[in-house]
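# Chain and residue survey
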Amino acid sequence: MENSEQKFDTEVLSRISNLKMTAINLVEGLLTGQHRSLHKGSSVEFAEYKDYSPGDEIRHIDWKVAGKTDKYHVKQFQESTNLKCTILLDASGSMDYDSPLNEHTPKKMECARNLVAALSYLLLKQFDAVGLTLFNDQVIEHIPPRSKASHFKNILYGLANISPQGSTDIAEVLLGLSERLPKRSMLILVSDFFIQNQDLQKSLKLLCSRDIEVVLFHVLHPDEMHLPFEGDIVFESLEADLSIGLDPHDIQEEYQSVIRGHINLLKESCNGLGVDYVFLDTSESLDQALSYYLLKRKSLIKL
Amino acid sequence: MSLNFSSPLFLLGLLGLTFPVLIHLLTRRQQKRIRFSAVYLLAQSQKRSIKKSRPNKLFLLLARCLIIALLSMALAKPLFSAKTSESLLPTSPASIVFILDDSYSMGTRSKEKTLFNYALEYLYKGLKQAPDNSEFSIVLASSPARIVQDWTSDKSNFINKLEAQAVSYRTTYIGDAIEKAVKLLESGKQKKKTILLLTDLDKNGWKEETFPKTTVPYPVQVLNFSELQSEKNKEMIENIEISQEFLTQSRLLRVKAKVKNFSKTVNRLPLSLFLEGKLVKEELLDIPPGQTLMQEFSYPLIKNQPLNGKLQISDDALPVDNSRYFPFHPSQNIQVLVVDGDPETISHQSESFYLERALNPFSVSLSHIDPTVSTLAELTLRNLSDFSVVILANVRELPPGYELKLEKFVLNGGALLLGMGDQVDPKYFNEHLANLLPVQLESQQEFKAGALNLMLTNNNHPVMRVFSPKTVEEMREINFYSMYTVQSREEKRFKVGAWFSNQHPAVIESEKGKGVVILFLSSLDRDWNDFPIQPTYLPWIQRWTQYATRGLENISRKDLLVGEPFRKNTTSTKWIVRGPSGTFYSFENDIFTKTFQPGIYSLFSVPPADTEEQKVLTKLPQGSKPVGTFTVNIDVRESEPEKITQKEIESLLQGFKLEFLEPQSQAIQHKESEAIPLATPLLLMVAAIFLIEGWVLRND
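Treat the numbers as computed from the prediction; the structure is a model and nothing was measured.

### Some points on the overall build of chain B
A count of helices and strands for chain B gives 16 helices and 35 strands. A burial count over chain B gives 38% of its 700 residues as buried.

Right, dumping it as structure tokens:
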């Protein structure tokens, strides 16, 4: 028992260190000369003038303008509080998909882990608070957002201990979380979005209405997009669906159109709500996804 | 409503269904199992593409199976009839006598089966539908009618009994069968009683005098199977006549056949002559419709042996009457040249007077011996090769050089009989006929009345076998007044056929080349004895003549009809019979009755000890010798295609409740005209499935 625990611990530790290294490498590489923090100097930056009304702090009155115009104007500044980001990682069975065809392509969970670690590192480096929530049809583990650099370890530990199982119920989980998440915080949702009959749009709408910035990372393995299998195959579900026996060749085209439709639907509903949607193919490198995301952030800041 | 198949053998093709199934199973790839995330999306995709995916394979398998099934069904020529099959048999328990016509006309082929097969099929079907507690019995209606199964309620036993039945070669005898059926019905236990007559209504089987009169109006259902005949009996060999011409070195066999054409068109068919199983001659005959044609074959016979032959014409619906067997015994009409050495103007004083009458008392057709009397002067005009026996009766001297001719005649298989008399010159005989005679003639001895008789103690000689002990006794009393004494020659072998009471030989026989020389040491007329006026003289002379030509066991009647008994003409030896199928039978009280199969029957004489020990013979006992053959042929009256009409039956079967039925309405076998053939629609379906399959494959 002791041995196994020990073994487990060392395994977890090595995984954590790997994860850490990957995350750091990713983020550092991207940040060099590129990154501009979202919050740097934001607390002293001028936003607009407003007519003085009783109750406004007198020290915010711009006396120079008062001297010129004989009217009291109050300077308003952008809020300078640090960001609280919650990363929501899907730990349902479907995330554990391992391709029997291409062993070099990383597993979805592997990819998601690296992404989460990298994002956490990035955010913590900016002194933003990062939390991690693992879920399937309910919340499995919740690590509350902290901005301390040492919090990265907690997140890494949480990531290393994931064993994907169970079915997915994002809508339910988001509904529960929307109450708990602080206003104006950020929510990063990493999942394969294999959800049936669930109103994800409604949940996203709810989050948006609470001023929560939502970013969706849609992680899919190439097998799940192209269905490259051949022969008579019985597909066993990683979640709770019934097994199905068929020749994939017969339905390949149909499946590809279905999955494309599924991705497009998600993308469109995200666009409609102003939610960021990032598609991640596990066969492609994470840099692209991250850089895309950061570029987008930058452009937002510019605006 | 029923479906029947004309060629049900093709239904075996349904076994071919296993091939597409096997191929499908073998080519099915090994199923792999993969744990997949988006299984519900796969299910959605499958639902959308349901027409194109997996079921296609099943559809193709189904289509291919259908093609094979429909094709084999189409080849089996299915006939569909919308008529419902109803049971003919009473629905309540009854006593039913089935009269099954097993005469050979029921062997008429219709497609691949015979009418008899159809009748049996009908019976099986009928029996299955018959209510329990019914009792059944079978009477076979061929001559003589016989009960093969008495009352029984055991259906399976009854069916077994039916299965053992086959078409016989006999003629129909409906009257006798109905009489037997009526007797059976009288002992039937059930209240309801009925007779079911399954026949082809061949007119031959219905004779007025044979029908019983009944007081109880039993119902008789007559099922006419002749309607099922797809083709008629076209021709038959009606009769064969055999004659022969005797020549010294060869004989000419003449076979005269009457062939009848039943059809309404001129029938051209080959008539083949088989001798001892070998085809020897063939002629093409053109027989006008409804006519009988006579055709004669001549065939030279070298060997002096009995032959069995067969005439055959091409097969038609009834093959039984297309061949006919005939026996040929060379002893028939033995041509005998009687050389009268002492002719007189008063005929009865001639040497040959008694001889000629003994050899041919009434006509040639009875004795089968045809004597020609010749004087010595006429002898040179005669051609010896026209005769098989030469009798020299009291001849003094032959024409110069004629002894050489005689010698050649005997060497080639002729028989020479010599009778003594006052004209005989022993010196001439001993000198000129030394090569032929095994003995030397010494001198004539005279005796008083009653002093010299025939001894006849040992009657084992083949010539003496026909004589009863009483007649032999009579023969012993015949007075001989004169005889020749003889002296044996050196290195000459001979047998003594009969002895005189004074221990001198009476008859000496010896073989010379292929022929025989027989010497009778007294006269053949009344000069030296009283023998010619005795009743035993006639058979004695005839048998010696036949014996000389090796036709002794000539059987009086050698061509029988099926069912006719064969009678043995001797009681002294045991005989057995080998039938055409190789089975051995023994005689019962010198009569052989099992002549139920047409063909050649061989007779064998058996040492007495053997036949008593073995009752069932499987092979010829040791020491048995062939003694002859006889042939059995069918009675051609049954072949006539004429059928009896309903009216005639009604007048014959007065007192019975008659019902006439056609078996095809009973859904046994439908005539093509009444049933709908399904072969073409099935083939069209096959073509359609091929098209669909091709289209599906192309789309795939």
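### Points about the pairing of strand S17 (residues 323-328) of chain B
For a regular strand, side chains alternate in direction, first toward one face of the sheet and then toward the other. Residues and elements named next belong to chain B. A large share of S17 lies buried, amounting to five of its six residues. Taken together, the six bridges between strand S16 (residues 307-313) and S17 define a ladder with antiparallel strand orientation. Residue Leu311 lies in a different strand from S17, and its bridge partner there is Arg324.

### Details of the pairing of strand S9 (residues 192-199) of chain B
Residues and elements named next belong to chain B. Taking burial as the measure, the eight residues of S9 include seven buried ones, the bulk of the element. Of the pairings in the sheet, the one linking strand S4 (residues 94-100) to S9 comprises seven bridges and is parallel in character. Across the sheet, Ser95 pairs through a bridge with Lys193, a residue of S9. In this sheet, strand S10 (residues 219-224) lies alongside S9 in parallel orientation, the contact comprising five bridges. Across the sheet, the residue bridging to Leu198 is Leu223, located in S10.

### As for the environment of B:Ala74
With respect to the element layout, B:Ala74 can be found in helix H3 (residues 55-75). The sequence separation of B:Ala74 and B:Phe5 amounts to 69 residues, and the corresponding C-alpha distance is 9.2 Å.

### A word on the interface of chain A and chain B
For an interface, size is often stated in terms of accessible area lost upon the parts coming together. With 28 residues of chain A at the contact, the number on the chain B side is 23 residues. Only strand S8 (233-237), strand S9 (244-246) and helix H8 (248-273) of chain A provide two or more residues apiece to the side of chain A that touches chain B. Judged from the five bridges that link them, S8(A) and strand S2 (residues 32-36) of chain B form a sheet pairing that is parallel. The residue bridging A:Ser237 from the neighbouring strand is B:Phe36, located in S2(B).

### Section: the sheet that holds strand S6 (residues 186-191) of chain A
Residues and elements named next belong to chain A. Read from one edge to the other, the open sheet built from six strands follows the order S5-S4-S3-S6-S7-S10, with strand pairing classed as mixed. Each end of this open sheet is capped by a strand with a single partner; those strands are strand S5 (139-146) and strand S10 (276-281). Direction aside, neighbouring strands of the sheet carry axes that sit 15° apart on average. In the sheet, strand S7 (residues 213-220) pairs with S10 via six bridges, with the strands oriented parallel. Within the sheet, the bridge partner assigned to Val215 lies in S10 and is Asp276.

### Quick look at the sheet that holds S17(B)
Pairing between the strands of a sheet comes from backbone hydrogen bonds, and it takes one of two forms, parallel or antiparallel. Residue and element names in this part refer to chain B. Strand order in this open sheet of four strands is S14-S13-S16-S17, and the pairing throughout is antiparallel. In this open sheet, the two edge strands, each paired with only one partner strand, are strand S14 (278-287) and S17. Taking the axes of each pair of neighbouring strands and ignoring which way they run, one obtains an average angle of 20° across the sheet.

### Notes on the packing of helix H3 (residues 108-125) of chain A against helix H4 (residues 151-160) of chain A
All names here are of chain A. Running from N to C, H3 and H4 cross one another at 170°; their axes reach a closest spacing of 10 Å. Taken as axis vectors, H3 and H4 run roughly antiparallel relative to one another. Residues Arg113, Val116, Ala117, Ser120, Tyr121 and Leu124 of H3 form the contact with H4, whose own contacting residues are His151, Phe152, Ile155, Leu156 and Leu159. When the residues that make up the contact of H3 with H4 are grouped by side-chain class, the tally is eight nonpolar, two polar and one charged.

### Considerations on the confidence of the model for chain B
All names here are of chain B. Summary statistics for chain B give a mean pLDDT of 82 and a share of 89% for residues scoring 70 or more. Of the regions scoring below 50 in pLDDT, residues 551-557 engages in 19 contacts with residues more than four places distant in sequence or in other chains. Considering only residues more than four positions removed or in separate chains, one finds that residues 665-673, a stretch of pLDDT under 50, has 27 contacts. This complex was scored by the predictor with a pTM of 0.44 and an ipTM of 0.78.

### Some details on the nonpolar core
Of all hydrophobic cores here, the largest spans 72 residues; its most connected members are A:Ile87, A:Leu115, A:Val116, A:Ile188 and A:Val190. The contact partners of A:Ile188, leaving out residues within four places of it in the chain, are A:Cys85, A:Ile87, A:Leu88, A:Leu119, A:Val215 and A:Phe217.

### Examining unusual backbone geometry
In the segment running from B:Ser143 into B:Pro144, the intervening peptide bond is cis, with an omega of -10°. Along the chain, the position of B:Pro144 falls in the loop between strand S7 (135-140) and strand S8 (146-152). In this structure, A:Phe193 takes a positive phi of about 55° despite not being glycine. Secondary-structure assignment places A:Phe193 in the loop between S6 and helix H6 (200-209). Look at B:Lys77: it is not a glycine, yet its phi comes out positive at around 50°. Tracing the sequence through the fold places B:Lys77 in the loop between H3 and strand S3 (78-81). On the basis of neighbour count, B:Lys77 is assigned to the partly exposed category, with 18 C-beta atoms found within 10 Å.

### A look at the confidence of the model for chain A
Residues and elements named next belong to chain A. Looking at chain A, the pLDDT average stands at 80 and 80% of residues meet or exceed 70. Per-element mean pLDDT across chain A ranges from 58 in helix H1 (residues 2-31) up to 91 in strand S4 (residues 129-135). Throughout residues 1-8 the model reports pLDDT below 50, and contacts reaching past four residues in sequence, or to other chains, amount to zero contacts. Taken together, the stretch residues 32-43 has pLDDT below 50 and engages in 15 contacts with residues farther than four places along the chain or on a different chain.

### Some remarks on the packing of H8(A) against helix H2 (residues 39-48) of chain B
Closest axis-to-axis distance for the H8(A)/H2(B) pair is 9 Å, and the angle between their directions is 125°. With respect to H2(B), the axis of H8(A) lies oblique. Where H8(A) crosses over H2(B), the two elements pack in a sense that is right-handed. Residue-level contacts link A:Ile251, A:Glu254, A:Tyr255, A:Val258, A:Ile259 and A:His262 of H8(A) to B:Leu41, B:Leu42, B:Gln44, B:Ser45, B:Gln46 and B:Arg48 of H2(B). By residue class, the composition of the contact of H8(A) with H2(B) is six nonpolar, four polar and two charged.

### Quick word on the environment of A:Tyr52
Note on placement: A:Tyr52 falls in the loop between strand S1 (46-51) and helix H2 (63-69). With 17 C-beta atoms counted inside 10 Å, the residue A:Tyr52 sits in the partly exposed group.

### A few points about the environment of A:Pro145
Residue and element names in this part refer to chain A. Summarising the element assignment, Pro145 is placed in strand S5. For Pro145, a count of 24 C-beta atoms within 10 Å translates into the label buried. Spatially, the C-alpha atoms of Pro145 and Leu83 are 9.7 Å apart, while their sequence positions differ by 62 residues. Every residue in contact with Pro145, bar those within four places of it in the chain, is listed here: Lys84, Cys85, Thr86, Ala129, Val130 and Gly131.

Parameters at a glance
- Residues numbered from 1 in each chain as written.
- Chains lettered and ligands numbered in written order.
- Predicted model: local features only at pLDDT ≥ 70, side-chain atom pairs only at ≥ 80, totals over all residues.
- Helix = DSSP H or I, 4+ residues; strand = E, 2+ residues; numbered from the N terminus.
- Buried ≥ 20, exposed ≤ 12 C-beta atoms within 10 Å, placed from the backbone.
- Pairing = 2+ DSSP bridges.
- Contact = placed C-beta atoms within 7 Å.
- Axes fitted to C-alpha atoms, helices over the stretch in contact; angles between N-to-C directions.
- Parallel < 35°, antiparallel > 145°, perpendicular 65-115°, else oblique.
- Nonpolar A, V, L, I, M, F, W, Y, C, P; charged D, E, K, R; others polar.
- pLDDT = per-residue confidence, 0-100.
- Core = buried A, V, L, I, M, F, W, Y, C linked by C-beta atoms within 7 Å.
- Left-handed = near helix turned anticlockwise from the far one by under 90°.

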